[in-house]
Amino acid sequence: MTTPMDTKIFAAIITASASIIAVAITYLTKLISELVDKRRHDRMHLMAIRNELVVNKGLSTAIEKHTRTFGFRFIDKVWAESDTSSIYRKGIPTDLILDAYSKMQLFNTLNDRYSLISEDKNYRNKDQRLAQEHAEMVEISEEISKVIDSALKKFK
């Protein structure tokens, strides 16, 4: 036979258990929501990087086709402003993406240099240096195109 004291203890245990279960479910829901949100953000960043690679592939093709480099700049806005840690996931061609963006940065730096040399009236061997810069940029553009092709084929 149960006493009124046993009933009160039993009710307190049930209430405490229900509270603990409610807190655990709330925490678990929050944790799952954060994981899903992180994964969604990672996918969003990956797609933005992929889209930027596609645009840069088009720029590279234009440079190769017309061998024009002056004024061309590869786009790296997404790369510079988003969470690029999302490329370090399974199934993502991390090395190729890093290689493509490093070559794009090199091309953009050489293009800036080309502009500065062009503007300098007293630059020694200006025409020869500009021709060399141009040839290097066309070669880098071809490398960028190949790396982006490889990356896009492996991109999941």
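For the structure, check the block above.
Here we summarise the structure given alongside this text. Nothing here was measured: the structure is a model prediction, and the numbers come from that model.

1. Looking at the overall build of the chain
Phase 1: Along its length, the chain carries 4 helices and 0 strands.
Phase 2: Order of helices (α) and strands (β) in the chain, N terminus to C terminus: α-α-α-α.
Phase 3: Relative to the 2.2 N^0.38 estimate, which gives 15 Å for 156 residues, the radius of gyration of the chain is 29 Å and therefore markedly larger than a compact globule would have.
Phase 4: For the chain, the C-alpha atoms occupy an extent of roughly 105 × 35 × 20 Å along the three principal directions.
Phase 5: For the chain, the proportion of its 156 residues judged to be buried stands at 28%.
Phase 6: Relative to all contacts within the chain whose residues are 6 or more apart in sequence, the contacts with residues 24 or more apart total 73%.

2. Some thoughts on the side chain of Glu133
Phase 1: Within the fold, Glu133 resides in helix α4 (residues 126–154).
Phase 2: For Glu133, a relative accessible area of 0% gives the class buried.
Phase 3: Ignoring any residue separated from it by four or fewer positions in sequence, one finds Glu133 in contact with Leu110, Arg113, Tyr114 and Ile117.

3. Some words on the environment of Val54
Phase 1: Within the fold, Val54 resides in helix α1 (residues 4–66).
Phase 2: As for Val54 and Ile148, which are separated by 94 residues in sequence, their C-alpha atoms are 7.7 Å apart.

4. Notes on the pattern of salt bridges
Phase 1: What the rule picks out here adds up to 9 salt bridges.
Phase 2: One salt bridge connects Asp37 with Arg40, and the closest N-O pair in it is separated by 2.6 Å. Placement of the pair is Asp37 and Arg40 together in helix α1, with a separation of 3 residues, close to one helical turn.
Phase 3: For Asp37, a relative accessible area of 31% gives the class partly exposed.
Phase 4: The partner of Glu133 in a salt bridge is Arg113, with the nearest N and O atoms 2.9 Å apart. Residue Glu133 is located in helix α4, and its partner Arg113 is located in helix α3 (residues 94–119); the two are separated by 20 residues in the primary sequence.
Phase 5: Salt bridges sharing common partners tie together Asp99, Lys103 and Glu143.

5. Considerations on the nonpolar core
Phase 1: Ranked by size, the top nonpolar core spans 25 residues in total, and within it Leu53, Ile97 and Met104 carry the most contacts.
Phase 2: Of all the elements in the fold, those that place two or more residues in this core are α1, α3 and α4.
Phase 3: For this core, the element with the most residues is α3, which contributes 8 residues.

6. Here's the deal with a nonpolar patch on the surface
Phase 1: Side chains of Tyr27, Leu28, Leu31, Ile32, Leu35 and Val36 sit close together on the surface and give an oily, nonpolar patch of about 610 Å² of accessible area.
Phase 2: Tracing the backbone shows Ile32 in helix α1.
Phase 3: Judged by relative accessible area, which is 48%, Ile32 ranks as partly exposed.

Criteria and thresholds
Along each chain, residues carry numbers from 1 onward, in the same order as the chain's sequence is written. For a predicted model such as this one, the threshold for reporting local features is a pLDDT of at least 70, and the threshold for listing and counting side-chain atom pairs is 80 or more; totals across whole chains, interfaces and linings nevertheless cover every residue. Values reported for side chains reflect all heavy atoms of the structure, with hydrogen atoms and water molecules removed beforehand. We count a stretch as a helix when DSSP gives it H or I for four or more residues in a row; a strand needs E for two or more, and each element gets its number in order from the N terminus. Only C-alpha atoms enter the radius of gyration, while the globule expectation follows 2.2 Å times N to the 0.38, with N the number of residues. We call a residue buried when its accessible area falls under 20% of the maximum for its residue type, exposed when it is over 50%, and partly exposed in between, using a 1.4 Å probe and counting protein chains only. Contacts between residues were defined by any pair of non-hydrogen atoms, one from each residue, lying within 4.5 Å. When a carboxyl oxygen of Asp or Glu lies within 4 Å of a side-chain nitrogen of Lys or Arg, that pair is called a salt bridge. Nine residue types can take part in a nonpolar core, namely buried Ala, Val, Leu, Ile, Met, Phe, Trp, Tyr and Cys, and a core is a set of them joined through side-chain atoms within 4.5 Å. By definition, no residue in a patch forms a salt bridge, and every one has over 30% relative accessible area; like charges are joined within 9 Å, nonpolar side chains (Val, Leu, Ile, Met, Phe, Trp, Tyr) within 5 Å. Here the open area of atoms and residues is found with the Shrake-Rupley method and a 1.4 Å probe, where only the protein chains shown may cover a residue.

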